[in-house]
Amino acid sequence: MAGVLGPALESLLRLPTRTQDVKIGPLKVAPMGFGTWAWGNQLLWNYEPSMDDELQQVFNLAVESGVNLFDTADSYGTGRLNGRSELLLGDFIRDFKGAQSKKNRVAIATKFAAYPWRLTPGQIVKACRGSLGRLQLDQLGIGQLHWSASNYAPFQERALWDGLVAVYQEGLVQAVGVSNYGPKQLVRVHDYLEKRSVPLSAVQIQFSLISYGPDQKEVKAICDDLGLTLIAYSPLGLGMLTGKYSPSNVPSGPRGGLFKQILPGLEELQSVIKSIAKKRNKTVSQVAINWCICKGAVPIPGVKSLSQAKDNLGALNWRLNAQEVAALEEAAAAAPRGMIQNIFQTK
């Protein structure tokens, strides 16, 4: 794998350095991270091992540009490639040839799947140690529960929470978080952990201009009240907010059917985004990601190419104004359909 950025990428490093860091527990991260769901996923994202060299360069570019939060999961990677995302990140960190100070800033957030056989705290500890091995790390930045079991196996939930307590108390993670938790369950897990002197630091939910309903707004309000950081996954709506697709031009595979259902109702929103992008000399993706930042979230757009990485980095170091934010939200609210929610999302 490539260890350093090639000469053709030197111009990309003229991008501005990071803006003010965001705190996630004891960690300091850039206002935007990168998600790695696609790294190893052949079903939705058409991953192939031949992409690995470019993914290394994506990682290098991100770190050199000040982005230091990388989100992954022990379940990322399809079939025989399960765990591939963590393995790649481990290799990329090891092979990074830039300044040691930038390498030291890298914060890995991984998620432990609530598999039905993970019925004891010890199994979450085992999962965490497995992730650390694949990542070639001694300690994670953030250890997160990937989803709650309360919708289908509520008896399992206590073991998952005690697993977070255990990995924190054993020093395997610097901070703990949860993903796909709705408002009520988020308060419950926060209070449970707090009684055991384990601070909940982050909650990760689907959060974007097309995933900004009552539950997302309530979760954000709870985060503000409890001092949690909201990490926004799918800030580009699986690609619907990139400007790349239209009702007559949708991606192949499973995403195509979803796009056909939602995109026809997004004309007004897309028009507003494009208008702001043109005025600001930004891209559609940059406007959509910047909206998340303006709402106080840390977006983690997925990246699988250098062109995507460069585009996403352009969402940093500027801010939409209040009028632009309001115009975007008004247009989004007028759409007849928003993004479907994760099936594991709780109330």
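This one's a predicted model, so the numbers in the text were calculated from it and none came from an experiment.

Asks: Could you clarify how one ought to interpret the packing of helix H5 (residues 121–135) against helix H6 (residues 154–169) in this entry?
Replies: Helix-helix packing is described using two parameters, namely the angle between the two axes and the distance between the axes. Put simply, H5 and H6 touch, their axes get as near as 7 Å, and they point 55 degrees apart. Put simply, H5 runs oblique to H6. Handedness of the H5/H6 crossing: right-handed. For the pair H5 and H6, contact is made by Pro-121, Ile-124, Val-125 and Cys-128 and by Ala-159, Leu-160, Asp-162, Gly-163, Leu-164, Ala-166 and Val-167, respectively. Residue composition of the contact of H5 with H6, by class: nine nonpolar, one polar and one charged.

Asks: For this particular structure, what's the right way to read the nonpolar core?
Replies: Generally speaking, a soluble globular protein has its nonpolar side chains buried in company with each other. Judged by nonpolar contacts, the single largest core of 101 residues is most densely connected at Leu-186, Leu-269 and Leu-328. Not counting the four nearest positions on each side in its chain, Leu-269 is found in contact with Leu-209, Ile-210, Leu-241, Leu-328, Ala-331 and Ala-332.

Asks: Explanation requested: helix H9 (residues 254–262) in the structure shown.
Replies: In an α-helix, one turn spans 3.6 residues, which is why side chains three or four residues apart end up on the same side. Listing the buried residues of H9 in full gives Arg-255, Gly-256, Leu-258, Phe-259 and Ile-262. Those residues of H9 hidden inside the fold are in contact with helix H1 (42–45).

Asks: What should I look at first to understand the pattern of salt bridges in this one?
Replies: Opposite charge on two side chains allows them to pair when their charged atoms are near. According to the stated counting rule, one finds 13 salt bridges in the structure shown. In this structure, Asp-21 engages Arg-105 in a salt bridge whose closest nitrogen and oxygen atoms are separated by 3.3 Å. Residue Asp-21 is found in the segment before strand S1 (22–24), and its partner Arg-105 is found in helix H4 (residues 100–105); the two are separated by 84 residues along the sequence. Asp-224 is the partner of Lys-220 in a salt bridge, and the nearest nitrogen-oxygen pair spans 2.4 Å. In this pair, Lys-220 and Asp-224 both sit in helix H8 (residues 214–226), four residues apart, roughly one turn of the helix. Judged by relative accessible area, Lys-220 falls into the buried class, the value being 12%. Assessed through its relative accessible area of 53%, Asp-224 is described here as exposed.

Asks: What should I look at first to understand the pairing of strand S6 (residues 140–145) in this one?
Replies: Working note: regular strand, side chains alternate between the two faces of the sheet. By the criterion of burial, S6 is predominantly enclosed, with six of the six residues buried. Once the chain exits strand S5 (residues 107–112) it traverses H5 before rejoining the sheet at S6, and the crossover so formed is right-handed. Across five bridges, the pairing between S6 and strand S7 (residues 173–179) is parallel. For Leu-140, the partnering residue across the bridge sits in S7 and is Val-173. Handedness of the β-α-β unit built from S6, H6 and S7 comes out right-handed.

Asks: For this particular structure, what's the right way to read the UniProt feature "domain: NADP-dependent oxidoreductase" (unreviewed entry) in the chain?
Replies: Per the UniProt entry, the sites bearing "domain: NADP-dependent oxidoreductase" (unreviewed entry) are residues 31–331 in this numbering. In residues 31–331, helix accounts for 48% and strand for 13%; the two terminal C-alpha atoms are 25 Å from one another.

Asks: Can you help me understand the side chain of Thr-110 in this one?
Replies: Mapped onto the secondary structure, Thr-110 falls in strand S5. Separated by 3.4 Å, the side chain of Thr-110 and the backbone nitrogen of Ala-73 make a polar contact. Looking at Thr-110, its side chain comes within polar contact range of the side chain of Glu-86, at 2.6 Å. When sequence neighbours within four positions are dropped, the list of residues in contact with Thr-110 reads Thr-72, Ala-73, Asp-74, Glu-86, Ser-131, Leu-140, Ile-142, Gly-143 and Gln-144.

Asks: What should I look at first to understand the packing of aromatic side chains in this one?
Replies: The geometry of two aromatic rings is summed up by the distance between their centres and the angle between their planes. Following the criterion strictly, the structure yields twelve aromatic pairs and no others. An angle of 20 degrees between the planes, with centres 5.5 Å apart, marks the rings of Phe-207 and Trp-291 as stacked. Taken together, the residues span a long stretch of sequence, with Phe-207 in the loop between strand S8 (200–206) and H8 and Trp-291 in helix H11 (residues 284–294) at a distance of 84 residues. The two residues Phe-207 and Trp-291 agree in class, both being buried.

Asks: Can you walk me through the side chain of Asp-91 in this structure?
Replies: Structurally, the position occupied by Asp-91 is in helix H3 (residues 84–95). The exposure class assigned to Asp-91 is buried, which follows from its relative accessible area of 19%. Among the polar contacts listed, one links the side chain of Asp-91 to the side chain of Gln-136, at a separation of 2.9 Å.

Asks: Any chance you could explain the sheet that holds S6 here in plain terms?
Replies: Note on sheets: strands pair through backbone hydrogen bonds, and any given pair is parallel or antiparallel. Taken together, eight strands build an open sheet; the order of strands is S3-S4-S5-S6-S7-S8-S9-S10 and the sheet is parallel. Either end of the sheet is taken by a strand with one partner, and the two such strands are strand S3 (34–35) and strand S10 (298–299). Examined bridge by bridge, strand S9 (residues 229–233) and S10 share two bridges and lie parallel to one another. Of the residues in S10, the one forming a bridge with Ala-232 is Pro-299. Seen against the sheet, H6 touches S6 and S7 and runs at an angle of roughly 160 degrees to S7.

Asks: Please explain the packing of helix H7 (residues 183–195) against H8 as it appears in this structure.
Replies: The N-to-C vectors of H7 and H8 enclose an angle of 25 degrees; their axes lie 9 Å apart at closest approach. As the angle between them shows, H7 and H8 are arranged roughly parallel. In this structure, H7 uses Pro-183, Leu-186, Val-187 and His-190 to contact H8, whose residues at the interface are Asp-215, Glu-218, Val-219, Ile-222 and Leu-226. A per-class count over the contact of H7 with H8 returns six nonpolar, one polar and two charged.

About the cut-offs
Residues numbered from 1 in each chain as written. Predicted model: local features only at pLDDT ≥ 70, side-chain atom pairs only at ≥ 80, totals over all residues. Heavy atoms only, no water. Axes fitted to C-alpha atoms, helices over the stretch in contact; angles between N-to-C directions. Helix = DSSP H or I, 4+ residues; strand = E, 2+ residues; numbered from the N terminus. Parallel < 35°, antiparallel > 145°, perpendicular 65-115°, else oblique. Left-handed = near helix turned anticlockwise from the far one by under 90°. Contact = heavy atoms within 4.5 Å. Nonpolar A, V, L, I, M, F, W, Y, C, P; charged D, E, K, R; others polar. Core = buried A, V, L, I, M, F, W, Y, C linked by side-chain atoms within 4.5 Å. Buried < 20%, exposed > 50% of the residue type's maximum accessible area, 1.4 Å probe, protein only. Salt bridge = Lys/Arg side-chain N within 4 Å of Asp/Glu carboxyl O. Right-handed = clockwise from strand over helix to strand, strands pointing away. Pairing = 2+ DSSP bridges. UniProt positions renumbered as here; feature names shortened; annotations may be inferred. Polar contact = N/O pair within 3.5 Å; in protein donor to acceptor, adjacent residues only side chain to side chain. Phe/Tyr/Trp six-rings, centres within 6.5 Å; stacked < 30°, edge-to-face > 60°.

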